[in-house]
Amino acid sequence: MVQAGEVYYEGATVAAGGGRSVQRFTGIRYAQAPVGPRRWQPPVPAATTGTVAATRWPPACTQNDGNVLWYEGVAKAFGQPPTVAPRLPPVSEDCLFLNVWSPAAAQDDARLPVMVWIHGGGNLGGWSFEPNYRGRELAARGAVVVSIQYRLGVFGFLAHPALSGENPRGTSGSYGILDQIEALRWVRRHIAAFGGDPQNVTVFGESAGAGDINYLLLSPLAEGLFHRAIAQSGGWPADQRRTLAEAEAAGARFLAAAGVAGIAGLRELSAQDVLVLAQEHLRDYPDPPVDGHLLPKTPAELLQDGAFRALPVLFGTNADEDKTLIEAETEAQAADYAAAQFHCPTRRFADAFAARDAPVFLYRFARVRPGAHSLGAYHGAEIPYVFGTHDDWLPGAGDDARLTERMMAYWLNFARRGDPNGSRLPHWPRWRAGGEALLLSDEARPAALDWSRCEW
């Protein structure tokens with residue numbers, strides 16, 4: 001049992017590889033339920049007291065089957081039936097929970113590095129405990145791992161003039177990011193009780209989770225809440241220029257098309273009804289707007305001006321980001337998409353941080369699993385290597401086991417001290433514009449990457 005503030009959390013012991021075990025705490029509430037009048041309001045800190053049995057997974061945030069369909073597509077490419085893909089768990093608006101894996105819970109003097117995972121899914125889907133996101137193997141190697149949930153889609157990113165009018169800051173449309181900030185505040189207040197060091201927190205995430213981390217790196221609202229960042233396949237925020245006025249206009253068009261009498265009428269609907277309306281009528285990608293509050297200026301301006309915290313960062317992309325995301329007519333179109341959305345903007349982030357003399361480490365994941373498939377090193381393929389959570393149905397070889405151990409060691413070393421290098425690991429050079437990155441394939445080695453499709 002762990003005491004964090006006024007709450008006693010009862011967890012469970014779970015087995016990890018190599019005969020190790022860790023304590024797992026699931027479904028910890030970090031914010032009050034964002035329902036009723038709190039729908040489309042900033043998160044309110046949890047007011048939990050007493051003893052909590054933190055032994056069950058929480059509901060996922062309200063969403064459709066998009067993530068499940070993505071997994072089924074990957075399974076099909078590997079010749080597997082769709083039933084091997086994870087099923088969508090029960091969903092709810094009351095979903096602002098996190099999970100903790102710790103090898104040293106309740107040891108006040110442990111002070112282990114903390115790694116906070118922000119899941120992907122296009123800011124439309126996903127949940128904190130997808131099978132590949134479970135932190136037992138990383139924790140067993142000496143970290144406290146946290147995975148968080150945040151409001152998705154229309155619930156997390158709807159902007160509207162009426163919502164901005166309710167907010168003393170005069171803004172709306174960033175609720176999902178504000179949830180992430182609130183979760184990080186919970187970590188700062190309570191993670192020491194689980195053996196973690198609140199002064200050594202690394203955020204890491206993939207796809208939308210990585211994109212959100214890039215916003216957090218640029219936002220003054222997240223200052224002091226984390227100390228290092230790992231963004232896996234999330235570069236596009238470098239090109240985000242949508243203003244609050246544009247986001248509000250999109251929200252107003254949505255309400256008009258949906259035939260709902262204002263925000264008050266939308267709040268009276270069930271979460272499922274709102275989700276259906278959004279799927280039919282909302283055509284706004286769920287990114288936070290440039291609102292002068294969460295984002296003082298466009299990301300491009302902030303990067304150019306050096307107006308951000310020069311923290312140690314680890315950025316990277318996968319060689320074949322397009323394979324599970326678009327159906328391109330030609331290889332050139334696919335390569336252009338991957339360059340524009342992932343490779344080139346990720347390098348812009350890396351160059352900007354390196355110009356501030358921040359420790360920057362850049363990678364390209366290019367490992368292609370064995371088997372007759374056409375996915376290459378697809379979007380998300382690196383995640384099981386980072387967590388050591390390979391699905392039984394994914395083919396592997398000795399190279400995969402070796403690469404997994406190396407990637408886990410790199411990520412853990414970076415979380416410990418801001419440098420991924422360590423004994424018995426191939427050297428990962430610090431990034432300088434035009435220099436070498438680390439190529440993660442059958443082997444891990446420094447390499448000069450191809451940036452010919454980028455425009456600087």
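Note: the structure precedes this text.
Residues numbered from 1 in each chain as written. Predicted model: local features only at pLDDT ≥ 70, side-chain atom pairs only at ≥ 80, totals over all residues. Heavy atoms only, no water.

**Student:** How would you sum up the state of the cysteines? Please name residues and give values.
**Tutor:** Considering all chains together, one arrives at two disulfides under this definition. Here Cys61 is linked by a disulfide to Cys95, with a sulfur-sulfur distance of 2.0 Å. Between Cys61 and Cys95, the S-S torsion sits near 90°, and that sign places the bridge as right-handed. Taken together, the residues Cys61 in strand S6 (residues 60-61) and Cys95 in the loop between strand S7 (91-92) and strand S8 (97-102) connect sequence positions 34 residues apart. Cys95 shares its class with Cys61; the two are buried. Between the sulfur of Cys344 and that of Cys454 lies a disulfide, 2.1 Å long from S to S. (Disulfide = S-S within 2.5 Å. Helix = DSSP H or I, 4+ residues; strand = E, 2+ residues; numbered from the N terminus. Buried < 20%, exposed > 50% of the residue type's maximum accessible area, 1.4 Å probe, protein only.)

**Student:** Now, about helix H13 (residues 398-417): what can you tell me, with residues and values included?
**Tutor:** The end-to-end C-alpha separation of H13 is 29 Å, in line with the 28 Å expected for 20 residues at 1.5 Å each. Turning to H13, its buried residues number three or more, namely Asp400, Leu403, Thr404, Arg406, Met407, Met408, Tyr410, Trp411, Leu412, Asn413, Phe414 and Ala415. Within two residues after H13, Gly418 carries a phi angle of roughly 80°, on the positive side. (Expected span 1.5 Å × (residues − 1).)

**Student:** Run through the packing of aromatic side chains, naming residues and quoting values.
**Tutor:** One pass over the structure, following the stated rule, counts 27 aromatic pairs. The interplanar angle of 40° and the centroid separation of 6.4 Å between the aromatic rings of Tyr133 and Phe387 together place this pair among those described as tilted. Note that Tyr133 is positioned in the loop between strand S9 (112-118) and helix H2 (136-140) and Phe387 in helix H12 (residues 383-387), a separation of 254 residues in sequence. Overall, Tyr133 belongs to the buried group, its relative accessible area being 4%. (Phe/Tyr/Trp six-rings, centres within 6.5 Å; stacked < 30°, edge-to-face > 60°.)

**Student:** Any chance you could break down the sheet that holds strand S1 (residues 2-4) for me, citing the residues and the numbers?
**Tutor:** One open sheet accounts for three strands, arranged S1-S2-S5; its pairing is mixed. Of all strands in the sheet, those bounded by a partner on one side alone are S1 and strand S5 (50-53). Adjacent strand axes in the sheet meet at a mean angle of 30° when their direction is disregarded. The pairing of strand S2 (residues 7-10) with S5 spans four bridges and is classified as parallel. (Pairing = 2+ DSSP bridges. Axes fitted to C-alpha atoms, helices over the stretch in contact; angles between N-to-C directions.)

**Student:** Quick one: what's the story with the sheet that holds strand S10 (residues 144-148), residue by residue and with numbers?
**Tutor:** With respect to topology, eleven strands assemble into an open sheet ordered S3-S4-S8-S10-S9-S11-S12-S13-S14-S15-S16, the strand pairing being mixed. Two strands close off the open sheet at either side, each with one partner strand: strand S3 (12-15) and strand S16 (444-447). Between one strand axis and the next, the sheet turns through 25° on average, direction left out of account. As paired strands, S9 and S10 are joined by five bridges and run parallel to one another. By the bridge assignment, Val116 is partnered in S10 with Val146. The sheet contacts of helix H5 (residues 175-190) involve strand S4 (21-29), S8, S9, S10 and strand S11 (196-206), and relative to S9 the element is tilted by about 160°. (Contact = heavy atoms within 4.5 Å.)

Everything listed is a geometric property; what it means functionally is a separate question.
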